[in-house]
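Spelled out from the first residue to the last, the chains are:
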Amino acid sequence: MAAESNNPPQPPSQAGTDTAPRKPDPICAVIARTRHDMIHAEVMEAARRNVMLAELRLDYLAKAADFGRLLADKPLPLLATVRRREDGGRFKGTEQERRMLLRQAIVAGFDWVDIEEDIIQSVPRYGKTKRIVSYHNFKEVPDDLHGLFRRMHEADADIIKIACMPREIEDVARVLDLLRFTKKPTIALCMGDMGLASRVIQGALGAPFTYAAINPERLPAPGMLTVGQLQNIYGVRRLNKETKIFGVVGDPIGHSLSPIVHNIGFRKLGINALYLPFKVPEGKLSNFLASHSALKIQGLSVTIPHKESAVHQATELEPLVAQTQSANTLVRTASGFKALNTDRPAILDSLVAGLPANPDGTPGTLNQKIAMVLGAGGVARSVAHALIGAGAFVSITNRTDEKAQKLAAEMNCRHVEWGMRLGTLCDILVNCTSCGMYPEVDESPMHKSSCHSGMVVMDTIYNPENTLLIKQAREHGATVVTGLDMFIRQAAAQFREFVGQEPPLDLMRQVAKNALTPISVRKDNRPAEEKEEAKGKEEPGGEGATDKAGGASA
Ligand code: NAP
């Protein structure tokens, strides 16, 4: 039987009147629960969140499906799926029983049904139920992806869905490329950490919707994001083919705050842009840029382990990058990418802002100040470099002494043994170690007696913002500069380079703070957009911002 329509699902109540509520977001909420009452609760939540469709994973049900209960008074279109074990499902019966359940779901009146490509011929079209032809591969992206896609195109289906596990970064690009050539509504995404960006970007590449979990505690597929994340961090309802793509490249990347702050900035300024976390393994930055060229990425934040290799991908280097051979930003130019370093100005600006004014009232400077840098990793190198460049007398100390000695020799500055750090006097102390970072929040790299008034203490750690060191320094009268301050300043500098506009700094800082604050201690943890709509203006934070790690692997 021919398809009635190829249009993506629309709830009947949204049929184009001026007074109709906001169009549903292009998200299919995946509901994978064992009990009917819990399914009902999540369906209501999906409707409250105004998503386009809810997928009921019938393979999760502990008892026989009661279609009367599942379909009674449904507040949004429902999709029936009965996934086999080899496709990541939990169905325990025989294949014959599974197909029977699919047919029963169609007859019972589900709006949509998901049928795997290899069995679609054996489940006939019936009534008004629309069909998704799907392919899942939890091991790899198949070599003959195009052959598979051709077959799926020929199937009697309204939407094509492909979800595969990438092994290489190029695999993600191969899957996303399908969206450029398809003639039918198609969702083509990758699973796992490496596939995270591919789940978000669907709408910008013309897909009718993307999938997300309604419940952050229960992610039915690796790397699946939550509805809250897609709505509040990524604003997927605004995506279209004109959306400009930005992102951060690194590994690991799942806990990066950068998508939260950049995306809220874009939204506040009404810029049609999307900032994505791209997990790119070490040594693969050039493969990523080459394979993802069709996305026309406009700018990238660069983090560990790509700061050095980013320099080699650029066609233009700002002088500081040429000098340090390390970049944290790539910005698209007519000839390729320009490499910049926004860490150094962010470090200097943060420290100078924390310095007390000179006795004559002029702003304090770093020149001739005595500074001690704790740590000898990547951030310690940037901090030491920035301080020396600003005229400070720097000493470096590190738990592993050889590394401190090596860095100090390279920077031509003093080295202090780790055991001697408490007795070393300084005007400025910068912690560039991970000591005190979540979850080790009760640790400090210094003793509280080392901090005193007149001193500036900076901690580069931003999770938590108020580390034990920062608390100790504050208690002893020192001026403090937090890692969040540094993070926001470097992100703001990137934002200016990306879009040529002044970022909404306070809002970016607030969303970052909210994302770092446990839900239990937040006063108002409603999603950002809800608050925005309630107050008629954009507001930060929310569930989406906090559950960004999303449980599973992304
Ligand atoms: P890295 O290269 O891995 O260096 C880590 C440093 O921390 C090393 O010197 C290490 O000493 C030291 N360290 C780790 N655990 C320690 C402990 N328990 N006690 C004493 N020293 C310890 O890391 P990185 O990239 O430089 O990052 C360092 C810090 O900067 C991290 O906390 C990170 O959160 C923060 N950061 C902040 C921003 C921002 O924008 N605010 C940006 C990036 C990073 P050993 O050599 O002895 O192992």
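Coordinates for the structure precede this section.
All values derive from a computational prediction rather than experimental measurement. (Residues numbered from 1 in each chain as written. Predicted model: local features only at pLDDT ≥ 70, side-chain atom pairs only at ≥ 80, totals over all residues. Heavy atoms only, no water.)

Around the ligand sit 22 residues in total, of which Val-379, Asn-398, Arg-399, Thr-400 and Lys-403 are the nearest. A distance of 2.7 Å separates an oxygen atom of the ligand from a polar atom in the side chain of Asn-398. Lys-403 has a polar side-chain atom sitting 2.9 Å from an oxygen atom of the ligand. Breaking the shell around the ligand down by element, the ones donating at least two residues are helix H13 (378–389) and helix H16 (483–499). Ranked by the residues each element gives to the shell around the ligand, the list is headed by H16, at 3 residues. (Near = heavy atom within 4 Å. Polar contact = N/O pair within 3.5 Å; in protein donor to acceptor, adjacent residues only side chain to side chain. Helix = DSSP H or I, 4+ residues; strand = E, 2+ residues; numbered from the N terminus.)

Turning next to helix H15 (residues 468–475). When we look at burial in H15, the residues that qualify are Leu-469, Ile-470, Gln-472 and Ala-473. Mapping the buried residues of H15 onto a view down its axis gives an arc of 165 degrees, with all of them on the same face. At its buried positions, H15 is contacted by strand S18 (428–431), strand S19 (456–459) and strand S20 (479–481). Within two residues after H15, Gly-477 carries a phi angle of roughly 85 degrees, on the positive side. (Buried < 20%, exposed > 50% of the residue type's maximum accessible area, 1.4 Å probe, protein only. Arc of directions from axis to C-beta. Contact = heavy atoms within 4.5 Å.)

Next up on the list: helix H8 (residues 258–268). Across the 11 residues that make up H8, a large majority, 10, are buried. Among the residues of H8, those classed as buried are Ser-258, Pro-259, Ile-260, Val-261, His-262, Asn-263, Ile-264, Gly-265, Phe-266 and Arg-267. Residue Gly-270 follows H8 closely and has a positive phi angle near 70 degrees.

What the 6 strands build is an open sheet, ordered S17-S16-S15-S18-S19-S20; its pairing is parallel. The strands lining the two open edges of the sheet, one partner per strand, are strand S17 (414–415) and S20. Where S18 lies against S19, 4 bridges are found, and the strand directions are parallel. Bridge assignment links Ile-428 to a residue of S19, and that residue is Val-456. The strands that helix H12 (residues 343–354) touches are S18, S19 and S20; relative to S19, the one it contacts most, it runs at about 145 degrees. Sitting on the sheet, H13 touches strand S15 (370–374), strand S16 (393–397) and S18, and the angle it makes with S15 is about 170 degrees. (Pairing = 2+ DSSP bridges. Axes fitted to C-alpha atoms, helices over the stretch in contact; angles between N-to-C directions.)

Note the cis peptide between Ile-304 and Pro-305, where omega equals 10 degrees. Counting through the fold element by element, Pro-305 comes out in the loop between strand S11 (299–302) and helix H10 (309–313). With an omega of 5 degrees, the peptide bond between Asn-463 and Pro-464 qualifies as cis. Mapped onto the elements, Pro-464 comes out in the loop between S19 and H15. The phi angle at Asn-50 is positive, at roughly 60 degrees, despite the residue not being glycine. Counting through the fold element by element, Asn-50 comes out in the loop between helix H1 (36–48) and strand S2 (51–57).

Let us look at the packing of helix H4 (residues 145–154) against helix H5 (residues 169–181). Remark: H4 packs on H5, axes separated minimally by 11 Å, with the N-to-C direction vectors making an angle of 35 degrees. As for how H4 packs across H5, the hand of that crossing is right-handed. Residues Leu-145, His-146 and Phe-149 of H4 form the contact with H5, whose participating residues are Arg-174, Val-175 and Leu-178. For the contact of H4 with H5, a count of residues per class yields 4 nonpolar, 1 polar and 1 charged. (Left-handed = near helix turned anticlockwise from the far one by under 90°. Nonpolar A, V, L, I, M, F, W, Y, C, P; charged D, E, K, R; others polar.)

Taking burial as the measure, the 5 residues of strand S7 (residues 186–190) include 5 buried ones, the bulk of the element. Neither face of S7 is left uncovered, since the one carrying Thr-186, Ala-188 and Cys-190 and the one carrying Ile-187 and Leu-189 both have all their residues buried. Each parallel crossover has a hand, and for strand S6 (residues 159–164) linked through H5 to S7 it is right-handed. (Right-handed = clockwise from strand over helix to strand, strands pointing away.)

Attention shifts here to the nonpolar core. By size, the foremost hydrophobic cluster in this structure holds 131 residues, and its most contacted members are Leu-58, Tyr-234, Phe-278 and Phe-288. Once residues lying within four places of it in the same chain are set aside, the contact partners of Tyr-234 are Leu-196, Val-200, Leu-225, Gln-229, Leu-239, Pro-259, Asn-263, Arg-267, Leu-274, Tyr-275, Leu-276 and Pro-277. Counting residues in hydrophobic clusters, the runner-up holds 27 residues, among them Leu-351, Val-383, Val-394 and Ala-408. (Core = buried A, V, L, I, M, F, W, Y, C linked by side-chain atoms within 4.5 Å.)

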